[in-house]
Amino acid sequence: MQRIHFNEVVTRDGFQNEAAFIPTDAKVALIDALSQCGYAKIEVTSFTSPKAIPMLRDAEAVMGRIQRVPGVEYTVLVPNQRGAERALEARADELNLVMSTSETHNLANLRMPREQSFAGLAAVIDQVAGSVPVNVSLSTCFGCPMEGEVAQDEVLRWADRFASRGVRGLTVCDTTGMAHPVQVERLCRALRERFDGVQLTLHFHNTRGMGLANVLAAARVGIDRFDGSLGGLGGCPYAPGASGNISSEDALHMLQAMGHETGIDLDRVLAAARALPQIVGHDVPGQLAKAGRITDLHPAPATVARLREALA
């Protein structure tokens, strides 16, 4: 079966939507636990303005205190050149840049038109060329909650503009959980045909319950890198009722049950997932931490033994 590389985004994408500040000590401890699980990448934090995202105002402190494990890439989101400078000083392994393929979503989320976003991100790519790998995350590739479906050609056009600037990777995001498996297969085929040599990652949300089905659809056509968020934390403020990212533990359990090699120690991931509600102060959407693996069997009720005796 296909080898799957899995990225964990809970301490950036998941935590940034939490209302109550999560202490730096708790973030560092969680990242250190996740570092022992076998993830390909951990998106640690974001070097954005503390006024914009107060939850991540401790980015330097977190990056400076985590225990880095060889083989794990510690990536961070950066919005601009100043953010890139801070990330380089913090020794980030990869910079993740973000813009939307939807003009309306980009205006709502980033407060600027797409061309302005592209120009700013292109300046970051030029700024760090040769010093650290760059990944670009394209939001709303499967649909915008304000515009509707985003044309596949439009997604490919923006992906091509960044690929031509030499970025190492592209993350194709279902930001508001609007994707469905047929659409996912179609776009993923086109991406693989067009961007051979570019590290392609798929980022799904489970807003409408199709997140894991979309993972399977993408894997079926050869995508081998996925983002997930422990416990299914996260979401988009422009998708009312959005439940968040796909749950890392749920997706990993599914992939491993189907025979995919992930390199992930699911027992360690589950331990972290079961500790997460205490960290954030509320229940989380992930199901595996509550139900257990499909191989976790339970003793039969005493009535079964009595029925068997009676039937013998």
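Residues numbered from 1 in each chain as written. Predicted model: local features only at pLDDT ≥ 70, side-chain atom pairs only at ≥ 80, totals over all residues. Heavy atoms only, no water.

(A) Broad picture of the overall build of the protein. In terms of regular secondary structure, the protein is built from 13 helices and eight strands. The C-alpha radius of gyration computed for the protein amounts to 20 Å, which stays within 12% of the reference 20 Å derived for 312 residues, consistent with globular compactness. Taking the principal axes of the C-alpha coordinates as reference, the protein spans close to 75 × 45 × 35 Å. Across the 312 residues that make up the protein, the buried fraction comes to 54%. Of the contacts formed within the protein by residues at least 6 apart in sequence, a portion of 74% connects residues at least 24 apart. Per element, the accessible surface of the protein, about 13,500 Å² overall, is 52% carbon and sulfur. The positive charge centre, built from 30 side chains, and the negative charge centre, built from 35, are 1 Å apart in the protein. (Helix = DSSP H or I, 4+ residues; strand = E, 2+ residues; numbered from the N terminus. Rg over C-alpha atoms; globule rule 2.2 N^0.38 Å. Buried < 20%, exposed > 50% of the residue type's maximum accessible area, 1.4 Å probe, protein only. Contact = heavy atoms within 4.5 Å. Areas by Shrake-Rupley, 256 points an atom, 1.4 Å probe, with all protein chains shown as cover. Lys, Arg positive; Asp, Glu negative; His and termini not counted. Charge placed at Lys NZ, Arg CZ, Asp CG, Glu CD.)

(B) Structural detail: the side chain of Ser 100. Within the fold, Ser 100 resides in strand β4 (residues 94–100). Residue Ser 100 is classed as buried on the basis of its relative accessible area, which comes to 2%. At a separation of 3.4 Å, a polar atom in the side chain of Ser 100 contacts the side chain of His 105. When sequence neighbours within four positions are dropped, the list of residues in contact with Ser 100 reads His 105, Asn 106, Arg 114, Ser 139 and Thr 140. (Polar contact = N/O pair within 3.5 Å; in protein donor to acceptor, adjacent residues only side chain to side chain.)

(C) Structural view of helix α6 (residues 114–128). For α6, spanning 15 residues, the distance from its first C-alpha to its last is 21 Å, which sits close to the expected 21 Å at 1.5 Å a residue. Of all the residues in α6, the buried ones are Arg 114, Ser 117, Phe 118, Leu 121, Ala 122, Val 124, Ile 125 and Val 128. End-on view of α6: buried residues confined to an arc of 160°, all on one side of the axis. Contacts from the buried residues of α6 go to α4 (81–89), β4, α5 (103–110), β5 (134–139) and α7 (152–163). Looking at the residues trailing α6, positive phi occurs at Gly 130, about 85°. (Expected span 1.5 Å × (residues − 1). Arc of directions from axis to C-beta.)

(D) Structural detail: the packing of α6 against α7. Running from N to C, α6 and α7 point in directions that differ by 25°, and their axes come no closer than 11 Å. Taken together, the axes of α6 and α7 are roughly parallel relative to one another. Two packed elements cross with a definite hand, and for α6 against α7 that hand is right-handed. Of the residues in α7, those in contact with Arg 114, Glu 115, Phe 118, Leu 121 and Ile 125 of α6 are Glu 154, Arg 157, Trp 158, Arg 161 and Phe 162. A breakdown of the residues in the contact of α6 with α7 according to their chemical character gives five nonpolar, no polar and five charged. (Axes fitted to C-alpha atoms, helices over the stretch in contact; angles between N-to-C directions. Parallel < 35°, antiparallel > 145°, perpendicular 65-115°, else oblique. Left-handed = near helix turned anticlockwise from the far one by under 90°. Nonpolar A, V, L, I, M, F, W, Y, C, P; charged D, E, K, R; others polar.)

(E) Quick peek at the nonpolar core. Ranked by internal contacts, the top residues of the largest apolar core, which has 91 residues, are Phe 6, Leu 95, Phe 162, Phe 204 and Phe 226. When residues in this core are grouped by element, the largest group, seven residues, is from helix α11 (residues 266–280). Contacts of Phe 226, omitting those with residues within four sequence positions, involve Ile 4, His 5, Phe 6, Asn 7, Thr 201, Leu 202, Phe 204, Val 215, Ala 218 and Ala 219. (Core = buried A, V, L, I, M, F, W, Y, C linked by side-chain atoms within 4.5 Å.)

(F) Summary view of the packing of helix α10 (residues 248–257) against α11. One can describe the packing of α10 onto α11 by two numbers: an axis separation of 10 Å at closest approach and a directional angle of 160°. Our classification of the angle between α10 and α11 gives roughly antiparallel. Crossing angle aside, the handedness with which α10 passes α11 is left-handed. Touching Glu 249, Leu 252, His 253 and Gln 256 of α10 are Leu 266, Val 269, Leu 270 and Ala 273, all from α11. A class-by-class count of the residues in the contact of α10 with α11 yields five nonpolar, two polar and one charged.

(G) Region of interest: the packing of aromatic side chains. Counting across every chain of the model gives three aromatic pairs. Through a chain of ring-to-ring contacts, three or more aromatic side chains come together here, namely Phe 118, Trp 158 and Phe 162. Against the face of Phe 118 rests Arg 161, its NZ or CZ located 4.0 Å from the ring centre. (Phe/Tyr/Trp six-rings, centres within 6.5 Å; stacked < 30°, edge-to-face > 60°. Lys NZ or Arg CZ within 6 Å of the ring centre and 35° of its normal.)

(H) Region of the structure containing the pairing of strand β6 (residues 169–173). Counting buried residues in β6 gives five out of five residues, a clear majority hidden from the surface. Of the two faces of β6, both are covered, the one formed by Gly 169, Thr 171 and Cys 173 as well as the one formed by Leu 170 and Val 172. Summarising the sheet, β5 and β6 pair through four bridges and their orientation is parallel. The residue bridging Asn 135 from the neighbouring strand is Gly 169, located in β6. Running through α7, the crossover from β5 to the neighbouring parallel element β6 is right-handed. Two strands pair when backbone bridges link them, and β6 and strand β7 (residues 199–203) are joined in this way by five bridges, in the parallel orientation. Paired with Leu 170 across the two strands is Leu 200, which belongs to β7. (Pairing = 2+ DSSP bridges. Right-handed = clockwise from strand over helix to strand, strands pointing away.)

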